[in-house]
Amino acid sequence: MVAVDLVAIEAAAPTEPAELPHRPVWIHHGSSISHCAEAVKPTSSWPVVTAQQAGLEIINLGYAGQCMLDLFVADGWRGGAGARCFPPAGSAA
């Protein structure tokens, strides 16, 4: 195991928000199969390959052992990123 201690971060450049994607976003939540821990590289996992073929941006939230996290993830999405990406039906996006 490798341990890293963060001592300090210094930067003179201002921070700017990332650009919004120019195509639809797929937020994928799944189990260890979606987590793709054994993928050779991040872009070779099946959710990424599928999103690329479908012309989508991907946010892969696959968690190994996710069956223990479902309620916590859903609760976090309720007021977080999921609420912004999936507004209630009939509301303005």
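Residues numbered from 1 in each chain as written. Predicted model: local features only at pLDDT ≥ 70, side-chain atom pairs only at ≥ 80, totals over all residues. Heavy atoms only, no water.

## Observations regarding the pattern of salt bridges
Thinking step 1. Per the counting criterion, the structure on display carries one salt bridge.
Thinking step 2. Salt-bridge contacts for R23 lead to E57; the nearest nitrogen and oxygen are separated by 2.9 Å. Residue R23 is found in the segment before β1 (25–30), and its partner E57 is found in strand β2 (residues 57–62); the two are separated by 34 residues along the sequence. (Salt bridge = Lys/Arg side-chain N within 4 Å of Asp/Glu carboxyl O. Helix = DSSP H or I, 4+ residues; strand = E, 2+ residues; numbered from the N terminus.)

## Structural notes on the side chain of H28
Thinking step 1. Of note, H28 is situated in strand β1.
Thinking step 2. Exposure remark for H28: the relative accessible area of 10% places this residue in the buried category.
Thinking step 3. Ignoring sequence-local partners within four residues, the contact set of H28 consists of S34, W46, P47, I58, I59, N60, L61 and G62. (Buried < 20%, exposed > 50% of the residue type's maximum accessible area, 1.4 Å probe, protein only. Contact = heavy atoms within 4.5 Å.)

## What about the packing of aromatic side chains?
Thinking step 1. With the rule as written, the count across this model stands at one aromatic pair.
Thinking step 2. Ring geometry for W26 versus W46: centroids 6.4 Å apart, planes at 55°, classification tilted. Placement of the pair is W26 in strand β1 and W46 in helix α2 (residues 46–54), with a sequence separation of 20 residues.
Thinking step 3. When its relative accessible area of 39% is taken as the criterion, W46 is described as partly exposed. (Phe/Tyr/Trp six-rings, centres within 6.5 Å; stacked < 30°, edge-to-face > 60°.)

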